[in-house]
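# Remarks on the overall topology
Single-letter residue listing:
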Amino acid sequence: MIVTTAELFRCAYGKYAIGAYNINNMEQTLGLFRGCAQGEAPFIIQISRGARKYADKRMLEAMIRAAEAIYPESIFAVHLDHGDEETCYDCIDSGFYSSVMIDASHHPFEENVAITRRVVERAHAKGVSVEAELGMLGGVEEDIKVEEGHSCLTDPEQAKEFVERTGCDSLACAIGTSHGAYKFKGRQSIHFDVLEAIFQRLPGFPLVMHGSSSVPQEEVRRINAAGGKLDPSACGVDENEYLPAARLGVTKINIDTDGRLVWTRVHREYLRDHPEDFDFRGAGRIYMAEYANFIAHKSEKLGCAKQLESVRKSILAQRGGNA
Ligand SMILES: O=C(CO)COP(=O)(O)O
Ligand SMILES: O=C[C@H](O)COP(=O)(O)O
Ligand SMILES: [Zn+2]
Ligand SMILES: [Zn+2]
């Protein structure tokens, strides 16, 4: 069942977070649906501009619809990740996306407000929700690289003003995380003081945490043991901080890099251990199973595992009540 992010947020707010995972190909899509079926978790599928270029937006939509037919019990929303204005409009007009992210956070505040406001008007006219961003995460995001030291945390007072002036439905906040495998060196921690200040000014309003991969040391070690060259000192968000963040209004947690690490580890090890093999389905089969286990594990950490049936009941009741 395809639902809206707004419906999922109403179920989860203040209690747990919904995992938002990027998809780019068939193996990732099937692994995601399988993992959420295993963990009985609702989820958000994210499509980036890069994914739309790589796989073609029609292929992505067709894969999602096929996966839904294969996993009819699944409950998920479809969301544009890090959109610009043009891509947001394309997704809003498509009728397939239930929400879009307009990422105008690299512009000055007033411009960010104006761009976000325009997208909100077009989106709400079609019943689509809008995630906006204020503050700047470190790391790589689409084609923009924010150097360490140039990221800036979200200002809580500005966040309140931004939400009131734009009418956005959720807000991605910079609270210390960053995109990619090369997160800040040493232990990276969420700035709970900043998050709490935002939560106090925007009670009941869904917040989004980007750059939430945990970059497991063991995964990095295995990739490097199989010929990879990843920086062994990289480390991500402590998974045990997902739930405390959820209790402070973080309702959507974005995870992409960790899944890429699973793909890289499986394929490097498989090719190392099966030098005679040239059937890509050998590694693909293992990857789908491993990715599914990885997603089921994340659902436990996010608190959304085993929530599927209560979410189904609650959304059907919401819809029934609104009919
Ligand atoms: O924020 C993300 C996608 O929008 C993904 O973050 P990671 O790079 O930490 O997985
Ligand atoms: O934040 C970005 C996501 O990890 C998506 O990455 P991508 O733009 O390379 O598809
Ligand atoms: Zn951004
Ligand atoms: Zn992101």
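Rules and cut-offs
- In every chain, residue numbers begin from 1 and rise along the written sequence.
- To label them, take the chains in the order written and letter them from A, then take the ligands in the order written and number them from 1.
- Since the coordinates come from a predicted model, pLDDT governs what is reported: local features require at least 70, and pairs of side-chain atoms require 80 or more to be given and counted, while whole-chain, interface and lining totals use all residues.
- In computing side-chain properties, one takes all heavy atoms of the structure into account and sets aside hydrogens as well as water.
- Each helix is a run of DSSP H or I of at least 4 residues and each strand a run of E of at least 2, with the numbering of both proceeding from the N terminus.
- We compute the radius of gyration over the C-alpha atoms and compare it with the globule rule, which gives 2.2 Å times the number of residues raised to the power 0.38.
- Think of it in three bands: with a 1.4 Å probe and only protein chains considered, a residue is buried below 20% of the maximum accessible area for its type, exposed above 50%, and partly exposed in between.
- Any pair of residues with heavy atoms lying within 4.5 Å of one another is described as a contacting pair.
- What sets the accessible areas is the Shrake-Rupley method with a 1.4 Å probe; for residues, cover comes only from the shown protein chains.
- Think of it this way: one heavy atom of a residue within 4 Å of a molecule or strand is enough to make that residue near it.
- Nitrogen and oxygen atoms within 3.5 Å of one another constitute a polar contact, given that in protein one can donate a hydrogen and the other can accept it, and given that sequence-neighbouring residues count only through two side-chain atoms.
- Only the contacting stretch of a helix is used when fitting its axis, a line to C-alpha atoms as for every element, and angles between N-to-C directions run 0 to 180 degrees.
- What sets the label is the angle itself: under 35 degrees gives roughly parallel, over 145 gives roughly antiparallel, 65 to 115 gives roughly perpendicular, and the rest give oblique.
- Note that Gly is not counted as nonpolar here; it falls among the polar residues with everything else outside the nonpolar set of Ala, Val, Leu, Ile, Met, Phe, Trp, Tyr, Cys and Pro and the charged set of Asp, Glu, Lys and Arg.
- The pairing criterion is simple: DSSP has to find at least two bridges between the two strands.
- Because no water is among the atoms considered, metal sites can look incomplete, with donors defined as N, O and S atoms within 2.8 Å of the metal, or 3.2 Å for Na, K and Ca.
- UniProt positions are given in the numbering used here, feature names are shortened, and annotations may be inferred rather than shown by experiment.
- Per-residue confidence from the predictor is reported as pLDDT, which spans 0 to 100.

### Things to note about the overall build of the protein chain
Along its length, the protein chain carries 13 helices and ten strands. Taking 323 residues into account, the globule formula puts the C-alpha radius of gyration at 20 Å, and the protein chain, at 19 Å, falls close to it. The dimensions of the protein chain, computed from C-alpha atoms along their principal axes, are 60 × 45 × 35 Å. Burial analysis of the protein chain (323 residues in total) assigns 55% to the buried set. Restricting to contacts in the protein chain with at least 6 residues of sequence separation, those with at least 24 account for 78%. For the protein chain, the computed accessible surface area is about 13900 Å², with 54% contributed by carbon and sulfur atoms.

### Here's the deal with the site of ligand 1
Neighbouring residues of ligand 1: 16 residues in total, closest Gly180, Lys183, Ser213, Asp256 and Thr257. Contact between ligand 1 and histidine 82: an oxygen atom at 3.2 Å from a side-chain N or O atom of the residue. Relative to its free-state accessible area of 310 Å², ligand 1 is covered by the protein chains to the extent of 96%. Counting residues per element, the ones that place at least two in the shell around ligand 1 are strand 3 (76-83) and strand 10 (250-255).

### With respect to the packing of helix 5 (residues 85-94) against helix 6 (residues 109-125)
Between helix 5 and helix 6, the shortest axis-to-axis distance is 10 Å and the interhelical angle comes to 10 degrees. In terms of their interaxial angle, helix 5 and helix 6 are classed as roughly parallel. Packed against helix 5, whose contacting residues are Glu85, Cys88, Tyr89, Ile92 and Asp93, the element helix 6 presents Ile115, Arg118, Val119, Arg122 and Ala123 at the interface. Broken down by class, the residue content of the contact of helix 5 with helix 6 amounts to six nonpolar, no polar and four charged.

### Brief notes about the sheet that holds strand 5 (residues 129-134)
On the basis of which strands lie adjacent, the closed barrel formed by eight strands has the order 1-2-3-4-5-8-9-10 and parallel pairing. With strand direction ignored, the average angle separating the axes of adjacent strands in the sheet is 25 degrees. Both strand 1 (residues 18-22) and strand 2 (residues 43-48) contribute to a ladder of three bridges, which runs parallel. Along strand 2, the bridge assignment pairs alanine 20 with isoleucine 44.

### Looking at the coordination of the zinc ion (ligand 4)
Coordination sphere of the zinc ion (ligand 4), protein contribution only: His82 (NE2), His179 (NE2) and His210 (ND1), at 2.1 Å. Site description for the zinc ion (ligand 4): donor spacing in sequence, H-x96-H-x30-H. Of this pair, histidine 82 sits in strand 3 while histidine 210 sits in the loop between strand 9 (207-209) and helix 9 (217-225), and the two are 128 residues apart along the sequence. Histidine 210 shares its class with histidine 82; the two are buried.

### Focus: the UniProt feature "binding site: dihydroxyacetone phosphate" (unreviewed entry) in the protein chain
The feature "binding site: dihydroxyacetone phosphate" (unreviewed entry), as annotated in UniProt, sits at Gly180, Gly211, Ser212, Ser213, Asn254, Ile255, Asp256 and Thr257 in this numbering. Taken along the chain, the residues just named run across 78 residues; in space they keep tight, none of their C-alpha pairs more than 11.4 Å apart. With respect to the helices and strands, the residue isoleucine 255 is situated in strand 10. In this structure isoleucine 255 touches Ala20, Tyr21, Asn22, Ser212, Ser213, Tyr242, Phe294 and Lys298, once residues within four positions along its chain are discounted. Here threonine 257 shows up in helix 11 (residues 257-273). On the basis of relative accessibility, which here comes to 12%, the residue threonine 257 falls in the buried class.

### Here we look at the side chain of threonine 5
Positionally, threonine 5 belongs in helix 1 (residues 5-12). A relative accessible area of 4% places threonine 5 in the buried class. Within the structure, the side chain of threonine 5 is placed 3.1 Å from the side chain of serine 99, a separation counted as a polar contact. Apart from residues no more than four positions distant in its own chain, threonine 5 is found in contact with Ile44, Ala77, Ser98, Ser99 and Ser129.

### Thoughts on the confidence of the model for the protein chain
Any residue range with low pLDDT should be treated as having predicted coordinates unsuitable for detailed reading. When the pLDDT values of the protein chain are averaged, the result is 94; 94% of them are 70 or greater. No element of the protein chain has a lower mean pLDDT than strand 7 (residues 144-146), which averages 58, and none a higher one than strand 1, which averages 99.

### Topic: the pairing of strand 3
Of all the eight residues making up strand 3, eight are buried; the element is thus mostly covered by neighbouring parts of the structure. Across six bridges, strand 2 lies against strand 3 in parallel orientation. Note on strand 3: the bridge partner recorded for serine 48 is aspartate 81. Note: strand 3 against strand 4 (residues 99-102), three bridges, orientation parallel. Residue leucine 80 lies in a different strand from strand 4, and its bridge partner there is valine 100.

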